[in-house]
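Results of the structural survey
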Amino acid sequence: MAELPSEVRCVVIGGGIIGCSVAYHLARLGWRDVVLLERKRLTSGTTWHAAGLIGQLRGSSTLTKLAKYSAALLPELEAETGLSTGFRQNGSLSLALSDERLEELKRQATMGRVWGVEATMVSPAEARAKHPLIDLKGVTGALWIPANGQADPANIAQALAKAARQRGVRIFENTKVTGIRHAGGRVTGVDTSAGPIGAEYVVNCAGLWARQVGRMAGVNVPLLAAEHFYVVTDASPDIARNLPVLRVPDECAYVKEEAGKLLVGFFEPKGKPLPDHKISDDAEFLSLPDDWEHLSRELELAAERLPILKRVGLHTFFNGPESFTPDGRWILGEAPGLRNFFVAAGFNSIGIQTAGGAGMAIAEWMEAGEPTFDLTAYDIRRCQPFHGNATYLADRIGEALGLHYADQFPHRSPVSARGVRTTPLHERLAARGACFTEAAGWERAAWFLPEAARARGEKAEWRYGWGRQPWFAHVAEEHEAVRSGVGLFDLSTFGKIRVEGRDAEAVLQLICANDIAVAPGRIVYTQWLNRNGGVEADVTVSRLAGDAFLVVTPTASALRDLAWLKRHIPDDADCVATDVTVGEACLGVMGPRSRELLAPLVDVALDNAGFPFSSWREIEVGYALARAHRISFVGELGWEIYVTVDMARHVFDSLIARGADVGLRLCGTQALNSCRLEKAYRDCGHDMASTDHVLEAGLGFAVKLDKARSRFGDFIGRDAVLRRRDASLSRRLVQFLLADPRPLLYGNEAILRDGRVVGYLTSGAHGHYLGAAVGLGYVACSPGESADQLLASTYAIEVAGEQVAARASLEPLYDPKGARLRG
Ligand SMILES: Cc1cc2nc3c(=O)[nH]c(=O)nc-3n(C[C@H](O)[C@H](O)[C@H](O)COP(=O)(O)OP(=O)(O)OC[C@H]3O[C@@H](n4cnc5c(N)ncnc54)[C@H](O)[C@@H]3O)c2cc1C
């Protein structure tokens, strides 16, 4: 065996399809000195036994781009290496067995048009013509994607490995990484069973072992293996060759034809997690014991759907491990606390069809120093520390597998391993009818079941669907309270970061695009930009004192923003950033009657002169001390009251007691979202991300190009803003209001401009005040096009195949001048 090098530029850990793809793409970008280390043999983890379905239309624009790239790479790889990947584009059919599933498929077909994947709805009879083995009982329609198909997973990985070798990557099998070396917050190499290797970069592509490898470096990679099953029939002349891949999500099954046999795989509703200790350290080409009983229902359904299964014999029951993550999304990117240590793991059973794209995205990120795709939803910085808890993972992962084929309803939250992370008001909210949703591991009240309904014995429970659900009316009432009276939101889950030190102002001036050199008592709304002018964070910065600031950020962004901040504090700066999220609760008192509610409870003047918009004051409220911030995410007069956790319940009780006189209503995240969309407030991670330029996001008003230069330099992204200001915008974020009050928007609906698809909604909700669904989305524009020209077009939004006329606006449709905020 060749000797390990002592020093390289990059070590890739893991010789599955993902590690091979990362190594190949690094080499393709011209990286020299890349080694790949595999503890056993290439593909011997999960890759060798995958079913090999290749799908290209996925639930997000990013995943679809990466999946399309992956499929397009396969013929290229074959040409480059002479190895066959077994890629066959026989198309795929997804069957709907309910109206709800049919709507989901229609919505997917629409997104196919937006994202460039041909996808059409076909009737049950047309579906059967394409796949004659199907029984049509209960089938309401089907989605047909002609360019989908299947390939041989191990061959793809081998082709990637060969192509990587041809480009100079050295691959060492039977070489186990046993430790990660690091110093000063930066990775420096690995220890292996064959000795140490110094490295500037390390990429953890260790599949279901990635959590353990992460631990070697103190990096949280929350994933766990689950057993994943398929059966293979005997060959039969009745099984036509080149059948399309079939998915019957309502029966948890997928089917592919291979050499005249059928492979039928399952995503049963409750999967079987596989704790680490059940996988031996020596495991390779692992095949787990069969479990007919576990799959008995799914097997029966499959035999009804494909009657041929009753006639042909089954020659294989296969059970192999695949890793899943608590939210069903990949874990990608640079570890927040360890520079140059990257992770690409947790592929949740789509690692074969997305390997090319994932490897390319990671390689480009390493090369560019920042993501070249919007990877927010898959970024490792979203993972909460407790997500790595083994008991939590064991309880959640079975459901994560099942959700793969469950209805992809909007607002759907998992039901397992809940209630871990709660605000101090949780029990009080629950007692008042809160129905909770999960965000970044937090329980958040989404809406409240009114007292009268509780008295009738109704329960505050989710009902999911694409249409109006029973809770729609409760959200409408909460929304109305915020617009015309006063609502109380528990906003305690907002991320809070204290930034302190002699250089705190200079550091924040470097990081913020707005000017935060304001007097103590002021609050500044700002974005944090990357070098390309893309939006990394969307926060408020409150100046607490000369040398202390409080950054408040959305619930899901706290860890990501803390990592960005820490990374950009210059070495010689006297400045520390501390996450204080759990130290303070936050109660949002929002609506035109909020002043009336608060006035008798607090010791400060609340009028515009005494307490202007965008300022904060220390207040006494009840017997407690707190800080009130005059700011609002719903577009109304309002205050966010920050109070230490120990006194949060007291403040809540005081507000509720006084609230009876002014019609105070408890409100949840659903009303928060519908109110913010009416006001066209952007949600970072949806409406803007690291690949969206701040000017295209319409936030130029919060960028101060002429603010004083910090001692650490101009603010990050300034040059990119200047460049884009001088050139014209190639797209703009536009707000839309449907002309018809009936359809609902959730995000991921097509935008049509003068009949042509030009983009998609990044978020959407019903605008209860505006009277119809409202959404935000980017519209491509031509060079030099003015706002008036853009708005002169005719717009429609396509919802599940139906085009609905829409009004477009570049200024908020609700309270465009912000008079209500300042009222
Ligand atoms: C039954 C089944 C069917 C599937 N069907 C499909 C499908 O149809 N389409 C699809 O897209 N996906 C499918 N998948 C999922 C797909 O197989 C995985 O997502 C993919 O193989 C993950 O690849 P990976 O490289 O991350 O992991 P792996 O293939 O497990 O590779 C990780 C490698 O890291 C090595 N390693 C671990 N620790 C160390 C260490 N300390 N030092 C060195 N090396 C180490 C391991 O030995 C292993 O070889 C299926 C999975 C299963 C189980």
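Figured I'd write up the structure that's included with this text.

Conventions and cut-offs
Residues numbered from 1 in each chain as written. Predicted model: local features only at pLDDT ≥ 70, side-chain atom pairs only at ≥ 80, totals over all residues. Heavy atoms only, no water. Salt bridge = Lys/Arg side-chain N within 4 Å of Asp/Glu carboxyl O. Helix = DSSP H or I, 4+ residues; strand = E, 2+ residues; numbered from the N terminus. Buried < 20%, exposed > 50% of the residue type's maximum accessible area, 1.4 Å probe, protein only. Expected span 1.5 Å × (residues − 1). Core = buried A, V, L, I, M, F, W, Y, C linked by side-chain atoms within 4.5 Å. Contact = heavy atoms within 4.5 Å. Pairing = 2+ DSSP bridges. Axes fitted to C-alpha atoms, helices over the stretch in contact; angles between N-to-C directions.

Counted by the stated rule, this structure contains 56 salt bridges. A salt bridge links arginine 9 to glutamate 200; the shortest N-O distance between them is 4.0 Å. Of the two residues, arginine 9 sits in strand β1 (residues 7-13) while glutamate 200 sits in strand β11 (residues 197-204), which places them 191 residues apart along the sequence. Assessed through its relative accessible area of 42%, glutamate 200 is described here as partly exposed. Through salt bridges that share partners, Arg101, Glu104, Asp250 and Asp407 make up one connected network.

On to helix α16 (residues 645-662), then. Over its 18 residues, α16 extends 26 Å from the first C-alpha to the last, a length consistent with the 26 Å expected when each residue adds 1.5 Å. When we look at burial in α16, the residues that qualify are Ala648, Val651, Phe652, Ser654, Leu655, Arg658, Gly659 and Val662. Positive phi shows up at glycine 663, right after α16, with a value of about 70°.

Looking now at the nonpolar core. Core analysis: the largest hydrophobic core is formed by 53 residues, its most contacted members being Cys10, Val12, Leu26, Ile156, Val203, Trp330 and Met366. Secondary structure elements with two or more residues in this core: β1, α1 (17-28), β2 (34-37), α2 (61-81), α5 (153-166), β11, β19 (341-345) and α8 (351-368). No other element matches α8, which puts nine residues into this core. Beyond its immediate stretch of four places on either side in the chain, cysteine 10 contacts Leu26, Trp31, Asp33, Val34, Val35, Tyr201, Val203 and Met366.

Turning next to the sheet that holds strand β30 (residues 624-629). Taking strand neighbours across the sheet as the criterion, the six strands line up as β29-β30-β31-β28-β22-β32 in an open arrangement whose pairing is mixed. Pairing within the sheet leaves two strands with one partner each, and these edge strands are β29 (616-621) and β32 (665-667). If you compare each strand with its neighbour and ignore which way they point, the axes differ by 30° on average. Here seven bridges tie strand β28 (residues 584-590) to strand β31 (residues 638-644), and the two strands are oriented antiparallel to one another. Residue pairing for β31: alanine 585 is matched across the bridge by valine 643. Packing against the sheet, helix α12 (residues 472-484) makes contact with β22 (487-490), β28 and β32, and its axis sits at approximately 115° to β32.

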